[in-house]
Amino acid sequence: MMMKKIRTNLFLLMTTAVTSTAASQPRIHFEVSFKEPQAHYVEIKMEIENLQRDFIDVKMPVWTPGSYLVREYAKNVESLEAFDGKDTPLATEKINKNTWRIASKKNRTLTVQYRVYGFEVSVRTNFIDDSHAFLSPAGTFLFVDGFLELPAEVTILPHASWSKISTGLEPVAGKPGTYQAADFDILFDSPIEVGNQDVFTFEAAGVLHEIAMVGGGNYDKERLTKDCIAIVEEATAIFGVNPNKRYVFIVHNYQSGGGGLEHLNSTVLGASRNGYQNERSYVGFLGLVAHEYFHLWHVKRLRPLELGPFDYDAENYTTALWIMEGFTAYFDNLLLRRCGFLTETSYLQALSSDINTIENRPGNQVQSAASASFDAWIKYYRPDENSANTSISYYNKGALLAMMLDLKLLAGTNGEKRLDDVLKAAYETFYVQKKRGFEELELQTLIEQVTGISVADIFDAAHTTGSLDYNRYLNAVGYEVIDYNDGRELPDLGISTSVSDGRVLVTGVGRGTAAWDSGINVRDEIIAINGERLDAHGKELNRVLQTAAIGDVLHVLIARDGKIQQLRVTLLKDTRGSFGIIPLADATVEQQRLGKIWLSQE
Ligand SMILES: [Zn+2]
């Protein structure tokens, strides 16, 4: 909150110092055009008025909120030049990786021109080609250091062959192609799609929704619209209010794609162009819609203190991504269940899959959900060959903690209250009333006040490594987790492999496995086992393992950095579980009643 105060004060100082008339309020206007879209460039002209200073610093954010990685967007900026109101060049100097100092010499008007290269396919990076442009605003628009509170206007001049603009930015009446943002936080939270996208609209929860389909696809507009309406209505029912007037889905359809990024009143989704007619892939897409839509409340508005106002210059650390992403990952499938897009069985399978991922990952013994959140910048977003041994995903573990929380509240209140109720109360308390983010302990306290149930066990578990006691919570609503591998005695080598040019290469070595103990390395090529050469698909490896026993010694011939070596590997027991969630055999009527409330289709 301190940062917000500083910004506000600067703005006040500046506005009173210059003059009090509206005509000389500082004003920033961007013009966006495309001279060479085929070469992946966008041209930006930034006009700054009424900021009369000796010099100003303009900056490009290093990251975009929602995607916790320093992406160094400034690397794509080139040919930056500045001019005064008479088009006389002004001296500019790069003073650090993302800041340009302009000798503005108290000029009332100055223009900064630059080009940005964009050819990275993702929901949070610019992509420009001859067919369309996707602009991730944090990687496109410079801001004036110290003036994030200023409003911004953007005029988009599409390339001659393009006809449509899709963005959550507010259109300026009477100026086609011109949009406004009340401040730079909103500008940086409003991606822009320009091209010939297929746009269709629907109304749900009193909000006009626009779907902009980019790149074609075999989607059924009628079905998709109907299903999105159901998701919007169900998500809105949780919070009781939908804060937007208009919401935009920008959907990038690729040969194969996925992923999404949430924004205040829009989202960008990646999808497989021809996946809409495949039931599994279609339901997966609806899960992405539900996930990003849920975020418009949970993270974009109800959020931890550390996540807004943002520092665009560096990492913004929070231990609470297990709450923000984990709860969202829990609710995305739950929303699909409530809408009837998932059967009870398929819902439980999806939840079991999170349990399998977490419980079979050695990193679960090393990293807690809270520290996974904090280190997202250097671990989750920068995985390497050892990630599975040393880290977990706050999505999976956070979703399981959310499940435990939901079930504990349901059981403790005889089905009267659940996670929905506390999120609604938290939204009202922190976003609407206090107008600020929450501290983790404040959220825990609020949950306890709203429900009368202590949830310290779950918040503690988020800060602790190791297995979660799922059955303590699932039993209360008539379900249990079972391990189908329980009692199974099978040998395991402990590696993952990939085949490249007919060579079997080690891609991962599991902590505490036979391979770990005997010194098999990632990037080793496995040539032969027990004197038998591996075939091009590595099937021989499976055959050997299927016929071996725990304690058997394998002679593994490898090539490492061009040198042949023989390793002796003593096979150990495969300790991985195969977990499933099933109805509790002797569940009481009350447990069954609570279970029905948990998974009811509304
Ligand atoms: Zn998310």
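Residues numbered from 1 in each chain as written. Predicted model: local features only at pLDDT ≥ 70, side-chain atom pairs only at ≥ 80, totals over all residues. Heavy atoms only, no water.

1. Topic: the overall build of the protein
If you tally the helices and strands in the protein, you get 16 helices and 31 strands. If one aligns the C-alpha atoms of the protein with their principal axes, the spans along those axes are about 85 × 65 × 45 Å. Per-residue burial for the protein yields a buried fraction of 54% across its 602 residues. Contacts in the protein between residues far apart in sequence, at least 24 positions, make up 69% of those at least 6 positions apart. Split by element, the accessible area of the protein, about 25400 Å² in all, is 49% carbon and sulfur. (Helix = DSSP H or I, 4+ residues; strand = E, 2+ residues; numbered from the N terminus. Buried < 20%, exposed > 50% of the residue type's maximum accessible area, 1.4 Å probe, protein only. Contact = heavy atoms within 4.5 Å. Areas by Shrake-Rupley, 256 points an atom, 1.4 Å probe, with all protein chains shown as cover.)

2. Section: the pairing of strand β17 (residues 198–204)
It is a general feature of regular strands that their side chains alternate between the two faces of the sheet. Judged from the seven bridges that link them, β17 and strand β18 (residues 207–214) form a sheet pairing that is antiparallel. The residue of β18 that forms the bridge with T201 is E210. Taking the residues between adjacent antiparallel strands as the criterion, β17 and β18 are bridged by two residues, where A205 takes a positive phi near 50 degrees. (Pairing = 2+ DSSP bridges.)

3. Considering the nonpolar core
Grouped together as the largest cluster of nonpolar side chains are 156 residues, with contacts concentrated most on F30 and W598. In this structure, V506, V509, I529 and L541 belong to the second largest nonpolar core, which totals 20 residues. (Core = buried A, V, L, I, M, F, W, Y, C linked by side-chain atoms within 4.5 Å.)

4. Examining helix α4 (residues 279–294)
Between its first and last C-alpha atoms α4 spans 22 Å; for 16 residues at 1.5 Å apiece the expected length is 22 Å, and the two agree. The element α4 is largely enclosed, with a buried count of twelve among its 16 residues. Residues of α4 that are buried include every one of Y282, V283, F285, L286, G287, L288, V289, A290, H291, E292, Y293 and F294, and no others. Regarding α4, its N-cap is N278, as a side-chain oxygen of that residue lies 3.0 Å from the backbone nitrogen of R280 further along. (Expected span 1.5 Å × (residues − 1). Polar contact = N/O pair within 3.5 Å; in protein donor to acceptor, adjacent residues only side chain to side chain.)

5. So, the side chain of T513
For T513, the location among the structural elements is in the loop between β25 (503–509) and α14 (514–518). Taking relative accessible area as the criterion, T513 reaches 15% and is therefore assigned buried.

6. Section: the environment of P176
Along the chain, P176 falls in the loop between β14 (170–171) and β15 (178–181). Residues P176 and L157, 19 residues apart in the sequence, show an inter-C-alpha distance of 9.6 Å.

7. Observations concerning the packing of aromatic side chains
Under the criterion given, the structure shown has 40 aromatic pairs. Consider the rings of F30 and F141, whose centres lie 4.7 Å apart with planes at 55 degrees: the pair is tilted. One end of the pair, F30, is in strand β1 (residues 27–33); the other, F141, is in the loop between β10 (133–135) and β11 (143–144), and 111 residues separate them in sequence. A relative accessible area of 0% means that F30 is categorised as buried. Taking relative accessible area as the criterion, F141 reaches 0% and is therefore assigned buried. Judged by centre distance (5.0 Å) and plane angle (65 degrees), the rings of F188 and Y312 are edge-to-face. With F188 in the loop between α2 (184–187) and β16 (192–195) and Y312 in the loop between α4 and α5 (321–339), this pair connects stretches of sequence that are 124 residues apart. (Phe/Tyr/Trp six-rings, centres within 6.5 Å; stacked < 30°, edge-to-face > 60°.)

8. Some details on the sheet that holds β10
Read across the sheet, four strands follow the order β9-β10-β16-β13 without closing on themselves; strand pairing throughout is antiparallel. A single partner strand is all that each edge strand has here, and the edge strands are β9 (127–128) and β13 (164–167). Relative to β16, β10 runs antiparallel, the two sharing three bridges. Note on β16: the bridge partner recorded for F134 is E193.

9. Considering the packing of helix α3 (residues 221–239) against α5
Axis separation between α3 and α5 bottoms out at 10 Å; the angle between their running directions is 115 degrees. Relative to α5, α3 is oriented so that their crossing is right-handed. Facing α3, whose interface residues are A230, I231, E234, A235 and I238, α5 presents F331, L335, L336, R338 and C339. (Axes fitted to C-alpha atoms, helices over the stretch in contact; angles between N-to-C directions. Left-handed = near helix turned anticlockwise from the far one by under 90°.)

10. A look at the packing of α5 against helix α10 (residues 419–433)
In contact at an axis separation of 12 Å, α5 and α10 are set at 120 degrees when each is read in the N-to-C sense. Here α5 lies oblique to α10, going by the angle between them. The handedness of the crossing between α5 and α10 is left-handed. Mapping the contact onto sequence places F327, Y330, F331 and R338 in α5 and L419, D420 and L423 in α10. Residue classes in the contact of α5 with α10 are distributed as five nonpolar, no polar and two charged. (Parallel < 35°, antiparallel > 145°, perpendicular 65-115°, else oblique. Nonpolar A, V, L, I, M, F, W, Y, C, P; charged D, E, K, R; others polar.)

11. Overview of the environment of E81
Residue position: E81 is located in strand β4 (residues 77–84). Relative accessible area serves as the criterion here: at 42%, E81 is assigned to the partly exposed category. A sequence separation of 33 residues divides E81 from Y114, and the C-alpha atoms of the two residues are 6.5 Å apart. Excluding anything up to four places from it in sequence, E81 contacts T111, V112 and Q113.

12. Re the pattern of salt bridges
Applying the stated rule across the entire model yields 29 salt bridges. R338 is paired through a salt bridge with D420; the nearest N and O atoms lie 2.6 Å apart. Within this pair, whereas R338 is found in helix α5, its partner D420 is found in helix α10, the two being separated by 82 residues in sequence. Given a relative accessible area of 4%, R338 falls into the buried group. When the shortest N-O distance is used, the salt bridge between R576 and D574 registers 3.0 Å. (Salt bridge = Lys/Arg side-chain N within 4 Å of Asp/Glu carboxyl O.)

13. Considerations on the confidence of the model for the protein
In this model, the protein carries a mean pLDDT of 95, and residues with pLDDT of at least 70 account for 96%. Across residues 1–21, confidence stays below pLDDT 50; counting only partners more than four residues off in sequence or on other chains, it has 29 contacts. (pLDDT = per-residue confidence, 0-100.)

14. Remarks on helix α15 (residues 539–547)
Taken residue by residue, α15 has E540, L541 and V544 as its buried positions. Buried residues of α15 fall within an arc of 105 degrees about the axis and therefore sit on the same side. Residues of α15 that are exposed and point over 90 degrees away from its buried face: K539 and Q546. Elements that come into contact with the buried residues of α15 comprise β24 (495–500), β26 (525–529), β27 (532–533) and β28 (553–560). (Arc of directions from axis to C-beta.)

15. Here's the deal with the sheet that holds β11
Sheet architecture is open: four strands sit in the order β6-β7-β3-β11, paired in antiparallel fashion. At either margin of the open sheet sits one strand with a lone partner, and together these are β6 (92–96) and β11. Pairing of β6 with strand β7 (residues 99–102), which is carried by four bridges, proceeds in the antiparallel orientation. Residue pairing for β7: N96 is matched across the bridge by T99.

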